Amino acid sequence: MDVLDRADLPFPESLPDFQRLFPNDAACAAYLEKARWGDGFSCPHCGVVGEPFRIATRPGVLTCRSCRRQTGLLVGTVMERSHTPLSVWFWAAYLIASQTQGMSAVQFQRQLGLSRYETAFGILHKLRAGMVRPDQDRIGGRAEEHVEVDETYIGGRTRGEGRGIHHKTLVTAAVEVRHREPGTAQDKRNDGRYAGRVRLSISDDRSAESLAGFVESAVMPGTLVITDDWSGYASLRKRGYDHHAIAECGDPEVAEEFLPIIHLVFSNLKTWLNGIHHGVSAKHLQAYLNEFTFRFNRRFYPFNAFRSLLGIAGGAESPTFAELYSGEWAHPTCSGYLR
Ligand SMILES: [Zn+2]
């Protein structure tokens, strides 16, 4: 059963609520235990069901009463092998989930009262790794909705490096376009159109392989896909999509009319990257795209993100600080595979 549907796993809706639910590491461990074994602990070694022994000084470890072997609550989660107390992880997940804009590693370090910046940075990035569901569905696939796809350039400082030199990164996005019920308060804005789920990915270039390839990884076949008339999208019909290419999309007014929602997503993304993180390096951009996608797709359900973070984080592979900086770690892309 999805952890989000479990009424026995409450999530905090306010700061006092959080303090009441998760006063210490033991309370956090109990929550994790309940998430994994809703009907009570069952030993993965011998299969016996029943209350395990608990060690007060090691809240992340359960010992089977029958075979005496130990089971780690944190194995396979982003918290595994971490020296950071469970309550700090929970506090971190709560901060990430409850702040619609998220925060920088420096703000995060201050809020968590951590002495080392590296610890704050590591926690943030590990939780971000949990923001991608490895088995994430492709978007679209609904008859009443179409999907807009477009690409944009992000970041890159060009000052003092001469003309034509830039460090911008190409980002391709797909967004579901939904329609508000006629007569509701907001149905006048954008003709009543609004964004459903998004998918965002770094693209190597504007070739058909990159762009149409992105669509294939992010959007269900058969979906009506609207793009501009760039050749990189020309093969979409052949690849099984109901493709409409809008001519002269270089004209901002035409683009605004036919691809309004994707442009809204790009503008939100750029504001968020520049405002909160003051721009990010190309190396970590995919992680920020994942965070943006996570927040965007859960923006109507802000508090679900907390449990979702802890739940999703369970199966996700996450980087060590050394891996992050050696460049060995590849941030998962929006569709869950490593690029
Ligand atoms: Zn056992």
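Below is a short write-up of the structure. (Residues numbered from 1 in each chain as written. Predicted model: local features only at pLDDT ≥ 70, side-chain atom pairs only at ≥ 80, totals over all residues. Heavy atoms only, no water.)

Some remarks on the overall build of the protein
Of regular secondary structure, the protein possesses 11 helices and 8 strands. Classification of the 339 residues of the protein by burial places 47% in the buried group. Sequence-distant contacts in the protein: of pairs separated by 6 or more residues, those separated by 24 or more amount to 61%. Carbon and sulfur atoms make up 50% of the accessible area of the protein, which totals about 17,300 Å². (Helix = DSSP H or I, 4+ residues; strand = E, 2+ residues; numbered from the N terminus. Buried < 20%, exposed > 50% of the residue type's maximum accessible area, 1.4 Å probe, protein only. Contact = heavy atoms within 4.5 Å. Areas by Shrake-Rupley, 256 points an atom, 1.4 Å probe, with all protein chains shown as cover.)

Brief notes about the coordination of the zinc ion
Taken together, Cys43 (SG), Cys46 (SG), Cys64 (SG) and Cys67 (SG) make up the protein donors of the zinc ion, found 2.3 to 2.4 Å from the metal. Classification of the site at the zinc ion as tetrahedral follows from its 4 donor atoms and the range of 107 to 115 degrees in their angles at the metal. Motif for the zinc ion, donor spacing along one chain: C-x2-C-x17-C-x2-C. (Donors = N, O, S within 2.8 Å, 3.2 Å for Na, K, Ca; no water. Tetrahedral: all angles 85-135°; square planar, octahedral: opposite > 155°, others 65-115°.)

Some points on the sheet that holds strand β8 (residues 242-246)
Strand order in the open sheet made by the 5 strands is β6-β5-β4-β7-β8, with mixed pairing throughout. Lying at the two open borders of the sheet, with one neighbouring strand each, are β6 (193-202) and β8. Taking each pair of neighbouring strands and ignoring which way they run, the sheet shows an average axis angle of 25 degrees. As defined by bridge partners, strand β7 (residues 224-228) adjoins β8 across 5 bridges and the pair is classed as parallel. Bridge pairing links Leu224 to Asp242 in β8. Against the sheet, helix α9 (residues 282-297) engages β4 (146-154), β5 (169-179) and β6, with an angle of about 155 degrees to β6. (Pairing = 2+ DSSP bridges. Axes fitted to C-alpha atoms, helices over the stretch in contact; angles between N-to-C directions.)

Brief notes about unusual backbone geometry
Of note in this structure, Arg68 is not a glycine but carries a positive phi near 65 degrees. Judged by its relative accessible area of 56%, Arg68 is exposed. Residue Arg81 is not a glycine yet carries a positive backbone phi of 60 degrees. Relative to the helices and strands, Arg81 is located in the loop between β3 (70-72) and α3 (86-98). Take Arg81: its relative accessible area is 72%, and that puts it in the exposed class.

What about the packing of helix α5 (residues 117-129) against α9?
Between α5 and α9, the least distance of the axes is 9 Å, while the angle of their chain directions is 60 degrees. Taken together, the axes of α5 and α9 are oblique relative to one another. Here α5 runs over α9; the crossing is left-handed. Contact residues: Phe121, His125 and Arg128 in α5; His284, Ala287, Tyr288 and Glu291 in α9. Taken together, the residues of the contact of α5 with α9 break down into 3 nonpolar, 2 polar and 2 charged. (Parallel < 35°, antiparallel > 145°, perpendicular 65-115°, else oblique. Left-handed = near helix turned anticlockwise from the far one by under 90°. Nonpolar A, V, L, I, M, F, W, Y, C, P; charged D, E, K, R; others polar.)

A closer look at the environment of Thr63
In this fold, Thr63 is placed in strand β2 (residues 58-63). Under the relative-accessibility criterion, Thr63 is labelled buried at 10%. Residue contacts for Thr63: discarding those within four places in its chain leaves Pro52, Phe53, Ile55, Arg68, Arg69 and Gln70.

Some details on the packing of aromatic side chains
Summed over the entire model, instances satisfying the criterion amount to 12 aromatic pairs. Relative to Phe22, the ring of Phe18 has its centre 5.4 Å away and its plane inclined at 55 degrees; by these criteria the two rings are tilted. A residue is classified by how much of its surface remains accessible, and Phe18, at 5% relative accessible area, is buried. The structure contains a cluster of three or more aromatic residues connected by ring pairs, namely Phe18, Phe22, Tyr31, Phe90, Trp91 and Tyr94. The ring of Tyr194 has Arg180 sitting right over it, with the charged end atom 4.3 Å from the ring centre. (Phe/Tyr/Trp six-rings, centres within 6.5 Å; stacked < 30°, edge-to-face > 60°. Lys NZ or Arg CZ within 6 Å of the ring centre and 35° of its normal.)

Digging into the pattern of salt bridges
Per the counting criterion, the structure on display carries 13 salt bridges. Between Glu80 and Arg81 there is a salt bridge whose closest N-O contact spans 3.7 Å. For Glu291, the salt bridge is made with Arg295, and the minimal N-O distance between the two is 2.8 Å. Linking Glu291 with Arg295, this pair stays in helix α9, spanning 4 residues, or about one helical turn. (Salt bridge = Lys/Arg side-chain N within 4 Å of Asp/Glu carboxyl O.)

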